[in-house]
Amino acid sequence: MCIRDRYQRRVHGSQSDKRGIFSSSGNLQKVLQESLRIAQIVGSKFLTEQQLKEVSEKNIHIHFTQGAIPKDGPSAGISICAAYLSLILNKTIPANLSMTGELSLSGEVHKIGGLQAKLTASKIMNVKKAIVPYGNMGDFLELPQKLKEGMTVYFVKNFSDVYLSLIHISEPTRLLSISYAVFCLKKKK
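All values reported here derive from a predicted model rather than from experimental measurement.

(A) Summary view of the overall build of the protein. Check the secondary structure of the protein and you find eight helices and 10 strands. Out of the 189 residues in the protein, the part that is buried amounts to 35%. For the protein, long-range pairs separated by at least 24 residues make up 69% of all intrachain contacts whose partners lie at least 6 apart in sequence. Accessible surface, the protein as shown: approximately 11200 Å² in total, 54% of it carbon and sulfur.

The structure is reproduced here in structure tokens:
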């Protein structure tokens, strides 16, 4: 395909000519770009052959808003992977759920920094459920009681735990059996 841009230069080809492209935008730095690729690789392990074939025939683009602000860090790994699977499987991620965790190529969920700030942001946004790396359990226990009150936190070691949590998030008994630890702290009356 050949098109002309607004300066009347000839531009050959476009992304629409190619299929199976996973792209991103939004001023992403190197570590976050790596997290995107890892999320795609890990997410693909949860797809059937038919779903993988369908994905290879589509272009997927993920945009991180506020493009003027550089974004970096591995903490969004499980969130990106969950969003990728949500799109492909046509399964909605509950709006009252936040998640954070670095994702490895083997699917392990690694400890992150800044847990207090992330849970505070969740609470401000009235999000009362969070999926957090198991490695951050000690950090969670040291947080102020006021922050923990009313939050349900699911600690995970592997993305398969995240995947199962997303499928069964509305079924607490099943969720309890797959989570390594769950803290449900209700507000004191």
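(B) Fine view of helix α1 (residues 30-44). Here α1 contains 15 residues, and its C-alpha end-to-end distance of 21 Å stays within 8% of the 21 Å for a straight helix at 1.5 Å per residue. Considered for burial, the residues of α1 that qualify are L32, S35, L36, A39, Q40, V42 and G43.

(C) Structural view of helix α3 (residues 77-89). Relative to the 18 Å expected for 13 residues at 1.5 Å per residue, α3 spans 18 Å between its end C-alpha atoms, a close match to the ideal helical length. Listing the buried residues of α3 in full gives G77, I78, I80, C81, A82, Y84, L85 and S86. Downstream of α3 by a residue or two, N90 has a phi angle that is positive, lying close to 55°.

(D) Structural view of the pairing of strand β4 (residues 60-63). Side chains of β4 alternate between two faces, with I60 and I62 buried and H61 and H63 left unburied. With four bridges connecting them, strand β3 (residues 22-25) and β4 associate as parallel partners. Residue pairing for β4: S23 is matched across the bridge by H61.

(E) View of the packing of aromatic side chains. What the rule picks out here adds up to three aromatic pairs. Taking the centre distance of 5.4 Å and the plane angle of 70° together, the rings of F46 and F159 count as edge-to-face. You can see F46 sitting in the loop between α1 and α2 (49-56) and its partner F159 sitting in helix α7 (residues 159-168), a full 113 residues away along the chain. Judged by its relative accessible area of 23%, F46 is partly exposed.

(F) Geometry of the pattern of salt bridges. Throughout the structure, instances matching the rule amount to two salt bridges. Among the ionic pairs, K53 bridges to E57, the shortest N-O distance being 3.1 Å. A relative accessible area of 47% places K53 in the partly exposed class. For E57, a relative accessible area of 44% gives the class partly exposed.

(G) Expanded view of unusual backbone geometry. Of note, N90 is a non-glycine position whose phi angle comes to about 55°, a positive value. By relative accessible area, N90 is classed as exposed at 71%. One non-glycine residue, N126, lies in the positive phi region at around 65°. Tracing the sequence through the fold places N126 in the loop between α4 (115-124) and β8 (129-133).

About the criteria used
- Residues numbered from 1 in each chain as written.
- Predicted model: local features only at pLDDT ≥ 70, side-chain atom pairs only at ≥ 80, totals over all residues.
- Heavy atoms only, no water.
- Helix = DSSP H or I, 4+ residues; strand = E, 2+ residues; numbered from the N terminus.
- Buried < 20%, exposed > 50% of the residue type's maximum accessible area, 1.4 Å probe, protein only.
- Contact = heavy atoms within 4.5 Å.
- Areas by Shrake-Rupley, 256 points an atom, 1.4 Å probe, with all protein chains shown as cover.
- Expected span 1.5 Å × (residues − 1).
- Pairing = 2+ DSSP bridges.
- Phe/Tyr/Trp six-rings, centres within 6.5 Å; stacked < 30°, edge-to-face > 60°.
- Salt bridge = Lys/Arg side-chain N within 4 Å of Asp/Glu carboxyl O.

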